[in-house]
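# Chains, contacts and geometry: an overview
Listed below, chain by chain, are the residues.
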Amino acid sequence: MNKIGKTKIPHTTPRYSATFSNDVNSDIRRAAATGIYDIRGGGAKRKLPTFDDLLFLGASISRYPLEGYREKCETSVTIGTRYAKNPIELDIPITIAGMSFGALSGPAKEALGRGASAAGTSTTTGDGGMTPEERGHSTKLVYQYLPSRYGMNPDDLRKADAIEIVVGQGAKPGGGGMLLGQKISDRVAEMRNLPTGIDQRSACRHPDWTGPDDLEIKILELREITGWKVPIYVKVAGARPYYDTTLAIKAGADAIVLDGMQGGTAATQDVFIEHVGQPTLAIVRPAVQALQDLGMHREVQLILSGGIRNGADVAKALALGADAVAIGSAALIALGDNDPIYEEEYNKLGTTAGAYDDWHEGMDPAGITTQDPELMKRFDPIEGGRRLRNYLKVMTLEAQTIARACGKNHLHNLEPEDLVALTIEAAAMAQVPLAGTDWYPGKPGTSY
Amino acid sequence: MLEFDLQENGLRKLNSALHDQKENSNQTVWKITNPKGSHAIAVGIDAPIEVNIEGSTGYYCGGMNKLANINVKGSVGPGVAENMMSGKVVIDGDASQYAGATGHGGLLVIKGNASSRCGISMKGINIVVHGNIGHMSAFMAQSGTLVVCGDAGDALGDSLYEAKLFVRGNVKSLGADCEKKEMRPEHLELLEQLLSEAECDAKPEEFTRYGSARKLYNFNIDNSDAY
């Protein structure tokens, strides 16, 4: 015991560094031990400005509300009205985002199709091709056209209800993918024309086009192959939303899918997920501005994704100008991903329910992000589909509740004027006033 | 023979007519005049027909072809026969970038030279180039065969998977994980067959085989310099 004279020197409380937090230190120790960067699934986990930083004002004397369960509040949306002979008509403006067979099990893909179809919306293939289960159980299926072209063939292309050309995704703008060998079952390998058990690298760039002028010709080719029947979406990460939206419209897209950094991935470097891209809240207004500047708002539809969780998020996305949203991570949670009923098994994997993100390892206790036949048996696609349908219905009811309170008879009638922001950051990103003021940073006519 | 003037009738009518080809029709030979470098000519065909294009084409000629024989009496732009499934596409002249990209099957013959990224990400297609090919050819090529009677540019077969590469002339450099391989009897047999189908008089014995060293098949930090 240190003493000065007879006086004991009291200990200060142990103080953790904000810079070298326990999380950071564990990352350093892991890197030092393995020599490999950390790969994980999911989207950005860091705290970001989100739709939670926005509030609806609701009705008042100047705006009157619609009666909760009596007066109609429409939810339908049509996607692909610009060029497609057969646009996609959805009952609700919430779609299921692209997730690959390979990253997800066959039954999980089936459940997504079942749930989406029962709720009157579309689901989307992923990097790995179209499976018969998925096509069979999805009344409206969007076929992703990805850089890897795994499983890509003209027969499936012609079976699709829409084509989504994937340029980027929010979790990794500018990045490709890697499906580790342990998830490459014989079936996954066969669909991708590769040997079983090897890592499957997905390219970050398309093999046969680069840049907006090429994209225009690529879209022409896909339209000629499919007889101009189905809509062609272009999916971009929320990196440069104003320019990317402008260029995609110029190239002839029917719809833009814009994915913020909270959007998930099956497997990417943690450093990529957390440090590249922009939050979903920040990307919607520039994209809508691009649509408006070209006179294409509501003519080319905007589908926003990345961390959409509930009806409030849906309503806010639509109020800021999106035509629809897409959910991925939230849909997986609805199916049973990260459910505390498997807590003991999550503990065995060194994690806890709610934090499990090693989807690339294929050991998912919930049997969703795996190709292990035993784990897959735990997941019932019929029950999963029912759960997803319920969740989609709840999100829709929530969005309608808010819209009615704002006096809107269609979700698309929500507008930025219905919103205020809780923080200056959110006010700047969403271009809606800071609560209690009529100001936001960058507002035209103000000097700051 | 059915004759179609592309400048007069337009692309949509052409592809639509080729897609609507009746299975039991005797009229299975098409002559397309005035292609004038147009894009997406004869894409997405799914019938055993013959299409003769009288001139040069733009991007993606014969894209996603199934079953058809397509002959181009000229040169082709980028992405000829991209993602081809089956059938045969023959180019009398040269081909621009990404010839045969991601093709799953069938035979692509280029009688002139091919540019960079020939056979990129190929997934089962066979490609025979009578002349030379450019840099980064057969990048991430998964399966199928690329035969080059002339020389290959830089970084041939970078990040190669299981595709087989045969080059008669010089290779400027090999890409990551691509190496020279032993030529076995089955390879000579395969070459003989492809060279004959491609109407090329080169001898199988004159070629060198290249393939994947398979060192990058599972991620290992000790190979990080190669990534």
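Each residue is numbered by its place in its chain's sequence as written, counting from 1. Chain letters and ligand numbers both follow the written order, the letters beginning at A and the numbers at 1. Selection of residues for local features in this predicted model requires a pLDDT of at least 70, selection of side-chain atom pairs for listing and counting requires 80 or more, and totals for whole chains, interfaces and linings are taken over all residues.

### What about the packing of helix 10 (residues 311–319) of chain A against helix 14 (residues 381–405) of chain A?
Residue and element names in this part refer to chain A. For helices, the axis comes from a line fit to the C-alpha atoms of the stretch in contact; other axes are also lines fit to C-alpha atoms, and the angle between any two N-to-C directions lies between 0 and 180 degrees. Numbering goes from the N terminus for both helices and strands, where a helix is a DSSP run of H or I of at least four residues and a strand is a run of E of at least two. Across the interface, helix 10 lies against helix 14 with an axial gap of 7 Å and an inter-helix angle of 55 degrees. Comparing the axis directions of helix 10 and helix 14 gives the class oblique. Crossing hand, helix 10 versus helix 14: right-handed. Residues Gly311, Ala312, Val314 and Ala315 of helix 10 lie in contact with helix 14, whose contacting residues are Met395, Thr396, Leu397, Glu398, Ala399, Thr401, Ile402 and Ala403. By the convention adopted, Pro, Cys, Tyr, Trp, Phe, Met, Ile, Leu, Val and Ala count as nonpolar, Lys, Arg, Asp and Glu as charged, and the other residues, Gly among them, as polar. Here the residues of the contact of helix 10 with helix 14 are counted per class, giving eight nonpolar, three polar and one charged. The labels follow the angle: roughly parallel below 35 degrees, roughly antiparallel above 145, roughly perpendicular from 65 to 115, and oblique for the rest. In this scheme the handedness of a crossing depends on how the near helix is turned from the far one: anticlockwise by less than a right angle means left-handed, clockwise means right-handed. A residue pair is marked as a contact if its C-beta atoms, positioned from the backbone, fall within 7 Å.

### Overview of helix 2 (residues 106–118) of chain A
Residue and element names in this part refer to chain A. To estimate how far a helix should reach, multiply one less than its number of residues by 1.5 Å. Over its 13 residues, helix 2 runs 18 Å from end to end, which matches the ideal 18 Å to within 8%, given 1.5 Å per residue. Any residue surrounded by 20 or more other C-beta atoms within 10 Å of its C-beta is treated as buried, while 12 or fewer makes it exposed and the intermediate range makes it partly exposed; C-beta atoms here are placed from the backbone. Among the 13 residues of helix 2, twelve are classified as buried, and the element is accordingly described as predominantly covered. Where the residues of helix 2 are buried, they touch strand 7 (94–96), strand 8 (123–124), helix 3 (132–137), helix 11 (329–335), helix 13 (373–376) and helix 14. Just downstream of helix 2, glycine 120 is the residue with a positive phi angle, here 80 degrees.

### With respect to the packing of helix 2 of chain A against helix 14 of chain A
All names here are of chain A. Packing of helix 2 against helix 14 leaves a shortest axis separation of 7 Å and a crossing angle of 40 degrees. Taken together, helix 2 and helix 14 sit at an angle that is classed as oblique. Crossing geometry of helix 2 relative to helix 14 is assigned as right-handed. Contact residues: Pro107, Ala108, Glu110, Ala111, Leu112, Arg114, Gly115, Ala116 and Ala118 in helix 2; Pro381, Ile382, Gly384, Gly385, Leu388, Arg389 and Leu392 in helix 14. By residue class, the composition of the contact of helix 2 with helix 14 is ten nonpolar, three polar and three charged.

### Some thoughts on helix 6 (residues 211–225) of chain A
Between its first and last C-alpha atoms helix 6 of chain A spans 21 Å; for 15 residues at 1.5 Å apiece the expected length is 21 Å, and the two agree. For helix 6 of chain A, the full list of buried residues reads Leu215(A), Ile217(A), Lys218(A), Ile219(A), Leu220(A), Glu221(A), Leu222(A), Arg223(A), Glu224(A) and Ile225(A). Summarising the contacts, the buried residues of helix 6 of chain A are in contact with strand 9 (141–145), helix 4 (154–159), strand 10 (162–166) and strand 13 (232–237) of chain A together with helix 2 (11–19) of chain B.

### Details of the sheet that holds strand 8 (residues 143–148) of chain B
Residue and element names in this part refer to chain B. When DSSP finds at least two bridges between two strands, those strands are taken to pair. Taken in spatial order, the eleven strands make up an open sheet running 1-2-3-4-5-6-7-8-9-11-10, and their pairing is mixed. Both outer strands of the open sheet, strand 1 (2–5) and strand 10 (178–181), are each paired with one neighbouring strand and no more. Neighbour-to-neighbour, the strand axes of this sheet turn through a mean angle of 15 degrees, independent of strand direction.

### A closer look at the nonpolar core
Residues and elements named next belong to chain A. Nonpolar cores are built from buried Ala, Val, Leu, Ile, Met, Phe, Trp, Tyr and Cys residues. These are joined into a set through C-beta atoms within 7 Å. Membership of the largest hydrophobic core comes to 189 residues, with the highest contact counts inside it found for Ala253, Ile256 and Val325. For this core, the element with the highest residue contribution is helix 9 (residues 280–293), accounting for eight residues. Setting aside its immediate chain neighbours within four residues, alanine 253 contacts Ile219, Ile232, Tyr233, Val234, Ala248 and Val300. Judged by nonpolar contacts, the second largest core, of five residues, contains Ala44, Leu48, Met261 and Ile273.

### With respect to the confidence of the model for chain B
Confidence scores here are pLDDT values: one per residue, from the predictor, ranging 0 to 100. Looking at chain B as a whole, its pLDDT mean stands at 95, while 97% of the residues score no less than 70. Scored by ipTM, the complex comes to 0.96, with pTM at 0.95.

### As for the interface of chain B and chain A
Contacts between the two partners involve 37 residues from chain B, matched on the other side by 22 residues from chain A. Only helix 2 and strand 7 (123–129) of chain B provide two or more residues apiece to the side of chain B that touches chain A. Sort the elements by how many residues they give to the side of chain B that touches chain A and helix 2 of chain B lands first, with four residues. Here the side of chain B that touches chain A is built from residues that sort into 16 nonpolar, 16 polar and five charged.

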